[in-house]
Amino acid sequence: MTNHWRDIKHADMILINGANPAEAHPVGFQWFVKAKLDPTKGPGSGGGAKIIHADPRYTRTSALADKYLRIRTGTDVAYFGGLINYVLQNNLYHDEYVKNYTNASFIVNKDFTFTDGLFSGYNKDARTYAINTWAYQTEGDPLGGAPTGTTQAKAKRDMTLQDPQTVFQLLKKHYSRYTPEMVESISGIPKADFLEVAKMVGEMGRPDKVMTIVYAVGLTHHTTGGQLIRSGALLQLLLGNMGRPGGGMNAERGHANIQGNTDHAISWEILPGYLRIPAPGQKNLDEYVAASAPKKSDPNSWNFFGTNYKNFMVSLLKGWYGSTATASNEYAFDFIPKPAVNSSWMSIYDQALKGKMEGVILSGMTATSIGPDSNQVLQALSNLKWLVIMDSLPTTSSEFWRAPGMDSAKINTEVFLLPMTHWIEKDGSFVNSGRWMQWKEQVLPPEGESRHDHWALADIYDRVKTLYKQQGGKFPEPMMALTLDYKDPKKPELDEIAKEINGKDLTTGKQMATFANLKSDGTTTAGDWIYTGSYTEDGNLSKRRNGIADPQKNDPTGMGFYPQWAWSWPLNRRVMYNRASADLNGKPWDAKRPGIQWDGSRWQGDVPDYPATMDPKDPAAWLPFIMNGEGVGRLFSNSMGDGPFPEHYEPVESPIDNPLHPANSADPVAFLYDQAAGRPNRFGKADQFPYVATSYRLTEHEHYVTQHVPLLVGLQPQAFVEVPEELAAEKGIKNGDRVRVSSMRGKLEVAALVTKRLGPVTLAGNKKTYTIGIPIHWGFVGVSAEQNPKLSQYWLANALTPFVGDVGARTPEFKAFLVNIEKL
Amino acid sequence: MTELTRRQLLKVGAGSAGLALVPFKNPLGFDLRAAKKIQMDFRIAGAKEVHSLCPYCAVGCALIAYTKESGGKTQLLQIEGDPDSPVNEGRLCPKGATAMQLATSARRVGKPMYRAPGSTKWEEKSWDFMLDKIAQNIKASRDNTFVAKDANGNTVNRTEGIAFAGGAAFSSEEGYFATKVMRTLGVVHIEQQARV
């Protein structure tokens, strides 16, 4: 989230796409309801907000919305694109913001084109784009005053926005195709309903109005996942809503600490703090920085991230490799492994299918249930030499070798199941969707023989290191150099690690107070620079608990920041990009909802995303978005693999050809794992699999672990699918009947819940299309499965889903695929 | 009178003089809120208040866990929403409200379990047996699949044949530790639930 849960109550309008917060994040949803209903406040101050819910399924979120739009799954780019077009055509955008706070005025390379669904630079055989034309026109030499590799020539701008090559004009042209009729044709949202919403959204471009967009994996789990989100972000930039309380792009995360562990880079493509993983061919730090850091492209751009990239990286390396990391060996840059190819979730199992993966360690995560394509994942696990499961409860992965249909005698994978402690048996922080790092205490001692994950990992690591010392082996140097500066290196305390993550000044031994002081000369450390400031000489700030019992004292701005409740990255800032919450002179766009404001000598309010004493009227003042090279929000960007502007592409399995460009219907660069590996693609066509399917969670379960919680199993005991009433009537399916739902890859045999919540949409003028809803929670492990061993043979929802990914994010297409349904 | 928060109610209750303050009565004249409070007081009387967080979604609801030491063991009596939290203001959903049943699950993996290649059953093993074997496997797979230089002569120092995945319920510090150790082993396939 750019903002945070409590902040949602400041919105005048809430667009919810690809999410069902009333059921999936019920307690967070209280802030949506407060925005709408708080009787003590008027519009703009926490009451009277409008909620628009676009979703294939009418959920409890829809029930509390002011307007529900039934949208076909995976078509949100068309919806947002239609809104962008409406806002541009009717001049409803926030003019001052768009001119000064976005790259609307930047002039784009003349050779940039978009024709019949393809941007310039497409290579059909490689299914990739060369992005050299996705660039600005520049003038002069590279800008000075910036570290090596973090600058480029000044981008040309036209502040009148009239030049046909400006981002603004190209944007307008690109989205002019997204007419209300086209939106209806693609998404199934009737034109009149769309226009009603567009009118309301258009009003949010007024400076005194603010809208938030809230989304979840209903946007990310598509081959166009990245662009689905980006299309919402573009709309927010045009309306001037980024950086403002009550605004932003807000992702609801689905696991307790997915945010914290992404920040700390349990993610193949990054190092802690979103530093890119180095790539082969980068021989030293400067080459790494040049290939990874944003480039300053305007004299007034601070380019804070780019400028400090090397400081952050050297501080990380220094923290990890201590005295071994010196200037003469580029701070042990060679110790960091450099992947050849994408190494994300699906790639792990793809490599295993190819016989190239020997061992997998899964901690609190079950490959079998998560999929996609669970049957293929089961094969992949069978190909491994060894599999380690670290979990407190059995999973569909620990038991994969005796899954229904598996012949365990023929599976040669050696399987280890280690009993781990629960969250409540250890301390440490969880970081919520709103980036709040909250500390929890240890409540209970470890149960039985359970051990903490980090102690087990530390112990395994110690044993591996000992083996290398005794026997030698490949490149042991990083292991010998790694700092384990804990009282007991085999049992590090989480508070010690939190302290390490913050980093320290090696010349004074003191904890760093801010990442702004990190250096590239080996005198500072920071395990994760975005957490620098969380554990200062004042201690571990995530433990702070000054909450709502005393709002006068604990919420001095009255904006719900609660700056001394826990700690929020970066630097305890509660709303990111908050320089953009104020106008050019530093005055809040809306005085009722200030983020930060200039008082003549300082920025007041939230922790400013800007130098605290920089006068906004100074001609040398930095542009508002300090983290990118342009210094402004990017309506056009070359950072996405499938285009500088989001474009609607059909899911890989779709009931219709793309009405915009049938010849290039699906995303031309979506990653087709099977095809790329020389295995046949297993995609279904609408003649055999005529129904769209989408998957989701229920309130009563969280992924798969709650299959072990009897009270929750009691509330939602068995696997089912939701079937639209009209389709059920056509098929003779009654509520409670058992049905088989099949895709090209597998099948489910479950109960049917016949419902009005799912209805047909009409696409491409006349094609009536049904959607089947599939809750994801069941498998062959858990209370219910054990009680119903026969019924639960085919309960894995992800047996149906395709093994494809978004070009950049490699998110699977869990939310849009084709199935058939028959009564059993 | 102004509405009492749950916390104020508890605090008042702790002084045992609070009952008269509760105005609500049902039609039969029974004071239900007071009865509920007394019941709750019995449950957590003398208990230690420990701060935790919900383990499920990422709203980040703060929890208060009530524990009691008895017979050398820590007993978990009750988990409820923390009324001071600016995130949840004491509220919990069905999952959070049943967090205690996850915390005290009778279905826990009790001991390290080992399944040999081709075997049709689990065997109980010691931690030492398991960790030694895992360490040997890691070393063997690392040595088998380690690439120091790629075909173009670039130094890459990567282990291609081991993957580590997990951690969305790790404490952040555990996650950081996992990253640090796995990267140092040369592992490039490192993932968690972020994209799935």
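Rules used throughout
- Residues numbered from 1 in each chain as written.
- Chains lettered and ligands numbered in written order.
- Predicted model: local features only at pLDDT ≥ 70, side-chain atom pairs only at ≥ 80, totals over all residues.
- Helix = DSSP H or I, 4+ residues; strand = E, 2+ residues; numbered from the N terminus.
- Rg over C-alpha atoms; globule rule 2.2 N^0.38 Å.
- Buried ≥ 20, exposed ≤ 12 C-beta atoms within 10 Å, placed from the backbone.
- Contact = placed C-beta atoms within 7 Å.
- Nonpolar A, V, L, I, M, F, W, Y, C, P; charged D, E, K, R; others polar.
- Pairing = 2+ DSSP bridges.
- Domains from an automatic or database assignment.
- Axes fitted to C-alpha atoms, helices over the stretch in contact; angles between N-to-C directions.
- Expected span 1.5 Å × (residues − 1).
- pLDDT = per-residue confidence, 0-100.
- Core = buried A, V, L, I, M, F, W, Y, C linked by C-beta atoms within 7 Å.
- Parallel < 35°, antiparallel > 145°, perpendicular 65-115°, else oblique.
- Left-handed = near helix turned anticlockwise from the far one by under 90°.

Asker: Residues and numbers for the overall build of chain A, please.
Answerer: Across its full length, chain A holds 24 helices and 33 strands. Compactness check: chain A gives a C-alpha radius of gyration of 26 Å against a globular reference of 28 Å for 824 residues, within 12% of the reference. Across the 824 residues that make up chain A, the buried fraction comes to 62%. If you take every contact in chain A between residues at least 6 apart in sequence, the share linking residues at least 24 apart comes to 70%.

Asker: With reference to specific residues and values, describe the interface of chain A and chain B.
Answerer: Accessible area lost on assembly of the parts is the figure often given for the size of an interface. Across the boundary between the two partners, chain A contributes 135 residues, which contact 106 residues of chain B. Take the side of chain A that touches chain B: its biggest share by element is 10 residues, from helix H17 (residues 453-471) of chain A. Here the side of chain A that touches chain B is built from residues that sort into 73 nonpolar, 39 polar and 23 charged. Two elements, strand E14 (residues 359-363) of chain A and strand E7 (residues 155-166) of chain B, share 5 bridges in a ladder whose sense is parallel. Within E7(B), the position partnered with Gly359(A) by the bridge is Ile162(B).

Asker: An account of the domain arrangement of chain A is requested, with residue identities and associated values reported.
Answerer: By the assigned domains, chain A splits into domain 1 (1-107 + 168-254 + 572-647), domain 2 (345-432 + 436-471) and domain 3 (662-823). Distance between the C-alpha centres of domain 1 of chain A and domain 2 of chain A: 38 Å.

Asker: Any chance you could break down the sheet that holds strand E10 (residues 211-215) of chain A for me, citing the residues and the numbers?
Answerer: Residue and element names in this part refer to chain A. Reading across from one edge, E3-E2-E1-E10-E11 is the order of the 5 strands in this open sheet, with parallel pairing throughout. Taken across any chain shown, the strands that pair with only one partner, and hence form the sheet edges, are strand E3 (67-70) and strand E11 (249-251). Between one strand axis and the next, the sheet turns by 20° as a mean value, whatever way the strands run. Both strand E2 (residues 50-55) and E3 contribute to a ladder of 4 bridges, which runs parallel. Bridging from a neighbouring strand, Ala54 pairs with Leu69 of E3. Lying over the sheet, helix H8 (residues 191-202) contacts strand E1 (13-17), E2, E3 and E10, oriented at roughly 130° with respect to E3.

Asker: Go over the sheet that holds strand E21 (residues 567-568) of chain A with me, naming the residues and quoting the values.
Answerer: Residue and element names in this part refer to chain A. On the basis of which strands lie adjacent, the open sheet formed by 3 strands has the order E17-E18-E21 and antiparallel pairing. The strands lining the two open edges of the sheet, one partner per strand, are strand E17 (428-431) and E21. Two strands pair when backbone bridges link them, and strand E18 (residues 436-440) and E21 are joined in this way by 2 bridges, in the antiparallel orientation. Residue Met437 lies in a different strand from E21, and its bridge partner there is Trp567.

Asker: Would you mind going over helix H13 (residues 304-321) of chain A in detail, with residue names and values included?
Answerer: All names here are of chain A. Its 18 residues give H13 an end-to-end C-alpha distance of 26 Å, which sits within 8% of 26 Å, the value for a rise of 1.5 Å per residue. Burial of H13 is extensive: 18 of the 18 residues sit out of reach of the surface. Note on H13: the residue one or two positions beyond its end, Gly322, has a positive phi of about 45°.

Asker: Give me the confidence of the model for chain B: which residues, what numbers.
Answerer: Overall, the predicted model of chain B reaches an average pLDDT of 87, with 84% of residues at or above 70. Within the model, the stretch residues 1-25 of chain B combines pLDDT values under 50 with 22 contacts to residues more than four positions away or in other chains.

Asker: Describe the nonpolar core, with residues and values.
Answerer: Residues and elements named next belong to chain A. Counting 289 residues, the largest nonpolar core has Ile14, Ile84, Ala256, Leu317, Val721, Ile772 and Val819 as the members making the most contacts within it. Counting residues per element, this core draws most heavily on H13, at 10 residues. Those residues within four positions of Leu317 in sequence are excluded, and the remaining contacts are Ala325, Tyr331, Ala332 and Phe333. Membership of the second largest hydrophobic core comes to 6 residues, among which are Ala582, Trp589, Trp598 and Tyr610.

Asker: Would you mind going over the packing of helix H12 (residues 285-292) of chain A against H13(A) in detail, with residue names and values included?
Answerer: Residue and element names in this part refer to chain A. At a closest axis distance of 10 Å, the pairing of H12 and H13 adopts a crossing angle of 125°. Considered as vectors, H12 and H13 are oriented oblique to each other. The element H12 and its partner H13 pack so that their crossing is right-handed. Packed against H12, whose contacting residues are Leu285, Val289 and Ser292, the element H13 presents Tyr309, Lys310, Met313 and Val314 at the interface. Here the residues of the contact of H12 with H13 are counted per class, giving 5 nonpolar, 1 polar and 1 charged.

Asker: Which residues make up the environment of Asp76(A), and what are the values?
Answerer: Residues and elements named next belong to chain A. Secondary-structure assignment places Asp76 in helix H4 (residues 76-89). A count of 28 C-beta atoms within 10 Å places Asp76 in the buried class. Each C-alpha atom, one on Asp76 and one on Gly218, is 9.6 Å from the other, the two residues being 142 residues apart in sequence. In this structure, Asp76 is in contact with Asn17, Gly18, Ala54, Ile71, Leu219, Leu228 and Ser231, ignoring residues within four places of it in sequence.

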